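# Working through the structure, step by step
Residue-level listing of the chains:
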Amino acid sequence: SELQESIDAAQRLPTSTAAEKLARTHHLATLQLFAGRLKEAEKAWRSLTLDYPDFVPAWCRRAEFEEASENPTVRAEARKSWSRGFELEPNHPLVRDRTRLGLEVEAAEKGIRLVRVERYS
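Residues numbered from 1 in each chain as written. Predicted model: local features only at pLDDT ≥ 70, side-chain atom pairs only at ≥ 80, totals over all residues. Heavy atoms only, no water.

### Side note on helix 3 (residues 38-51)
With 14 residues, helix 3 extends 20 Å from end C-alpha to end C-alpha; this agrees with the ideal 20 Å at 1.5 Å per step. Residues of helix 3 that are buried in the fold lie against helix 2 (18-34) and helix 4 (56-68). (Helix = DSSP H or I, 4+ residues; strand = E, 2+ residues; numbered from the N terminus. Expected span 1.5 Å × (residues − 1). Contact = heavy atoms within 4.5 Å.)

Spelled out as structure tokens, the structure:
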């Protein structure tokens, strides 16, 4: 298929520099997502957050996968991943276009209690 050909071509892209490796991994993860290879895509974006901790798109994609997880522990990690992307670049389209108040609240005896307000929110 055309998508598989694109994946094969992306796997042949050079990775002699850190920038090339980052671009190749991100491109492959995106193609894997479109191909329905969700585990591979998630693994790639999670790896990017470790190898390139300042790369905002990887944090956002990681957060999206975490939000969709059936595991409540993994779902709870999404907030940290979104916050990391937001701290790095609050005006990045993947972060900016996400509707959020930027508040952390918890249950209180009579309603809720404000715990934290995110910077730039």
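There is more to say, and it comes next.
### So, a nonpolar patch on the surface
Together, Leu103, Val105, Ile112, Leu114 and Val117 line one region of the surface with nonpolar side chains, adding up to about 480 Å² of accessible area. Breaking the nonpolar patch down by element, the ones donating at least two residues are strand 1 (103-108) and strand 2 (111-117). (Patch = residues over 30% accessible without salt bridge, like charges linked within 9 Å, V, L, I, M, F, W, Y side chains within 5 Å. Areas by Shrake-Rupley, 256 points an atom, 1.4 Å probe, with all protein chains shown as cover. Salt bridge = Lys/Arg side-chain N within 4 Å of Asp/Glu carboxyl O.)

### Considerations on the packing of helix 3 against helix 4
The N-to-C vectors of helix 3 and helix 4 enclose an angle of 135 degrees; their axes lie 8 Å apart at closest approach. Classified by the angle between their axes, helix 3 and helix 4 sit oblique to one another. Note on packing geometry: the crossing formed by helix 3 with helix 4 is left-handed. Contacts from Leu38, Ala41, Glu42, Trp45, Arg46, Leu48 and Thr49 of helix 3 reach helix 4 at Ala58, Trp59, Arg61, Arg62, Phe65 and Glu66. Residues that form the contact of helix 3 with helix 4 fall into these classes: 7 nonpolar, 1 polar and 5 charged. (Axes fitted to C-alpha atoms, helices over the stretch in contact; angles between N-to-C directions. Parallel < 35°, antiparallel > 145°, perpendicular 65-115°, else oblique. Left-handed = near helix turned anticlockwise from the far one by under 90°. Nonpolar A, V, L, I, M, F, W, Y, C, P; charged D, E, K, R; others polar.)

### Focus on the pairing of strand 1
With 6 bridges joining them, strand 1 and strand 2 adopt antiparallel strand pairing. In the strand pairing of strand 2, Val105 is matched with Leu114. Counted between consecutive antiparallel strands, the loop separating strand 1 from strand 2 contains 2 residues. (Pairing = 2+ DSSP bridges.)

### A few points about the packing of helix 4 against helix 5 (residues 72-88)
Direction vectors running N to C along helix 4 and helix 5 enclose 160 degrees, while the axes themselves pass 8 Å from each other. In terms of orientation, helix 4 and helix 5 fall into the roughly antiparallel class. Considering only the axes of helix 4 and helix 5, their crossing is left-handed. Across the interface between the two elements, Val56, Trp59, Cys60, Arg62, Ala63, Glu64, Glu66 and Glu67 of helix 4 pack against Val74, Arg75, Glu77, Ala78, Ser81, Trp82, Arg84, Gly85 and Leu88 of helix 5. Taken together, the residues of the contact of helix 4 with helix 5 sort by class into 8 nonpolar, 2 polar and 7 charged.

### Things to note about the packing of aromatic side chains
Here the structure, examined in full by the defined rule, presents 1 aromatic pair. Ring centres of Trp45 and Phe65 lie 5.9 Å apart, and the angle between their planes is 40 degrees; this geometry places the pair in the tilted category. With Trp45 in helix 3 and Phe65 in helix 4, this pair connects stretches of sequence that are 20 residues apart. Judged by its relative accessible area of 1%, Trp45 is buried. (Phe/Tyr/Trp six-rings, centres within 6.5 Å; stacked < 30°, edge-to-face > 60°. Buried < 20%, exposed > 50% of the residue type's maximum accessible area, 1.4 Å probe, protein only.)

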